[in-house]
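Residue-level listing of the chains:
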Amino acid sequence: MRFITAFAALQAAAAQAQWDGTASPHRLRLNLWADTMMVNAVDMAHCHDGRMFIVERHGSIRIVTDSGTVLGTPFLSVNNLVYSTAGESGLLGMTFDPDFANNGFFYVNYTGLPGPGTTRIARYSVSADPNIAQAASGHIIYSWPQPYNNHNGGDLDFGPDGNLWFPLGDGGGSGDPQNHAQDLRDPLGDLVRIHPESDSTYSIPLDNPYVNTNNDTLPEIYASGFRNPFRFGFDRLTGDIWIGDVGQGTWEEVDVIPAGIPGGQNFGWRCREGISPFNTTGCQPAAFYDPPIKVHPNTPWCAIIGGRVYRGNEIPWLYGRYVYTDYCLGQLHTLEPDGSGGWSHDSLLVSGNPGLTFIAEDSAGTLFTADRILGKLYRIEDACPYDALVITENGASLDAPDGLAWQWYLDDVAIEGANGPSFEPPITGDYHAVVLLDSTCALTSNTITFISTAASVVPRELFHVAPVPANDQLAVNWPSSIGVAALQLVDALGTVRADQPVSGSSAVLSTGRIPAGSHVLMISDRDGHVLFRQPIVVAH
C-alpha cells in the first residue's frame, strides 16, 4: 500500500510538472464502431429501433446493430439498377418514412442506369424479416436526367412537416455551363420538397413558394442556387435546414434555411460562389441572393460534408452546435450562434481523417461518420469523456474530485501554490478548480461562492478605496473618528503582500511590485481587530 501511494504521488508530481493548470479545450474523437463489409459508405439512416443502415455507393444498404456488428446479408441490394461508374454517382441516400413502423416504407436516392444517369427517388418496402427489404417492391416516384457524371447531390430526408426533401446538384460540368442552378424550370441545383402519396405518386405541398405561378417554374422547388449540396439535414429540435454546398474552386459553404419562414431562397450559384462573384452574366445584384453563414477556402478544403446539429445527451457542451467536416481534411468543425447575430466557428478534431462522407445521427442523437476509403464507421465522442467535476464545501475547506493534479482559482484567477485536492479559502470570493484527470484531459469544476466567517465591524460605506482594480497604488480614505492603525493587502493564500502602519484619515499602499491577481484589503485598529475588509484585484 505504501508503494502504491508513493507511486500515485510520483504520477501526480510528474503530471503537475508538465501541466500549466488550465482546462483542456473542448475536443472530439472518432471511436471505431464497425469496420467490416462496408464498401464506399456514403450515408446513414435509422428507423428508431437501435439499428443503423449504411448506404454503399455501389448499390447496397447494410445494417449495423447497436453493438457495432455488421450483418452479413444486405438489407437491400439494387446494384443492377445503379449507375456507379462515375465517382459522384450511385446509391447516395436513404431515409425512412415517418410512419415506417406501420407501413414499412423507406426511400432511396440513386443515379439510375445508363450513364451519365438519372436521379431517381424510389420507395421500397421491408419484408416480413425486419432485416431484409423487398428488392422487387421499388417504385420510382420522382426522376430527373443528369447531363454529366458529377454533382448529383444525393441526400434525402423527411422534414418535421412530413414532406420529403432532397437537394440536387447543378448537374455537373465545370461552372454550371447550362446555368441550371438559376433556372427554375428544372430541379438541378435546387432543393425539392414533395409529399409522397400511398399510391407511389407524389403531391406538391400547397405552401411551396412556386405553387400556382404563371410560368414554367417547377412547383416542387423550394430553394435554389446550389452547386452540389451532397449532404443536408434538419435540426431535430428546431426544424432548421442545414446544407453543406460543395464549391467550385474558391469557397466551400454552409447554408441555413430557418424553420418557419417561407421558401424561395436563392443561394447564388453560379452567379456567386460563397461570398464572391463567379459568373455574373444575367445575374441580380449581390443583395438579391441569400449568403452562406460560413465559408471555408477550397484550398486546403476540397468538398464540404454537411452534418447535423447535435441534440444528443452524452456531450452537454456540444448541444446545439452544428457539426460538419471536409472530405479531404477530415477534421470536425462546429458552428453555433455567437449572440450577436453571427456564428462562432471551432475546430474540434484537428488530426484529420480524410475520406469522411457523412455525419449522421442515430435515434438518440448520437453522431456517427464513415470513412469511405477504409470502410470504417465511427462514433463521434467527447475526447474527455468524464462526468462533470463538482467541488464541495466542507467546513472551512473546499474539496475537489480525485485526479492527477489540481489548480484552484479565485474569481477566475489562478491561486499560486493552491495545487492540492483540498483548499482553505482565506477570503470571501468565487472559487473553482481545474483537475487533471489523465495525461490529456483537464476539466473545470463548478463554482462555489465561499463566505469568510470574519466580518467587518465598521460600515463599508465609511471607507473609500480607489482605484478598483488597483494598479501601481491603492488609496484608502476614512473618517478621522475611526482609529485605524494598519493596512494590509493579503493574497488568496493568506500571504501578506503589503503591511503599512498608518495614522490620520488616509493612506496610500504601493502595489506596483505586488503580483497581479485576487487579494483582500484588511484595515485594523491598534488592538489588531479587523475593522474592514474588501476583495481587491491587482492588475498591472
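Before reading further, recall that the structure is shown in the block above.
Since the structure is predicted, the reported quantities are computational estimates derived from the model, not experimental observations.

A. Seen up close, the pattern of salt bridges. Under the definition given, this model contains 18 salt bridges. A salt bridge links D207 to R193, with the shortest nitrogen-to-oxygen separation between them at 2.7 Å. In this pair, D207 sits in the loop between strand 13 (202–203) and strand 14 (221–224) while R193 sits in strand 12 (residues 190–196), placing the two residues 14 residues apart along the sequence. What makes D207 exposed here is its relative accessible area of 54%. The salt bridge involving D235 is made with R311; its shortest N-O contact spans 2.8 Å. Residue D235 is found in the loop between strand 15 (231–234) and strand 16 (241–245), and its partner R311 is found in the loop between strand 21 (304–309) and strand 22 (322–326); the two are separated by 76 residues along the sequence. Look at D235 and you get buried, because its relative accessible area is 2%. Among the residues examined, R311 registers a relative accessible area of 15% and is labelled buried.

B. Local environment of the state of the cysteines. One pass over the structure, following the stated rule, counts three disulfides. Between the sulfur atoms of C271 and its disulfide partner C283 the distance amounts to 1.9 Å. Between C271 and C283 the sulfur-sulfur dihedral comes to about -85 degrees; the bridge is accordingly left-handed. Here the residue C271 occupies a position in the loop between strand 17 (251–257) and strand 18 (272–273), and C283 occupies one in the loop between strand 19 (276–277) and strand 20 (294–297), the gap between them amounting to 12 residues. Disulfide partner of C384: C441, at an S-S distance of 2.2 Å. Taking the sign of the S-S torsion, about -95 degrees here, the bridge from C384 to C441 comes out left-handed.

Thresholds applied
For every chain, the first residue of the written sequence is number 1, and numbering continues from 1 onward in sequence order. Only residues with pLDDT of 70 or above have their local features reported here, since the model is predicted, and side-chain atom pairs are shown and tallied only from 80 upward, although totals for entire chains, interfaces and linings are computed over all residues. Note that water and hydrogens are dropped before the side-chain values are worked out from all heavy atoms of the structure. A side-chain nitrogen of Lys or Arg and a carboxyl oxygen of Asp or Glu constitute a salt bridge if their distance falls within 4 Å. In this description a helix means any DSSP run of H or I spanning at least four residues, a strand means any run of E spanning at least two, and both kinds are numbered starting from the N terminus. Three labels apply to residues, based on accessible area from a 1.4 Å probe with only protein chains included: buried if under 20% of the type maximum, exposed if over 50%, partly exposed otherwise in between. A pair of sulfur atoms, both from cysteines and within 2.5 Å, is called a disulfide here.

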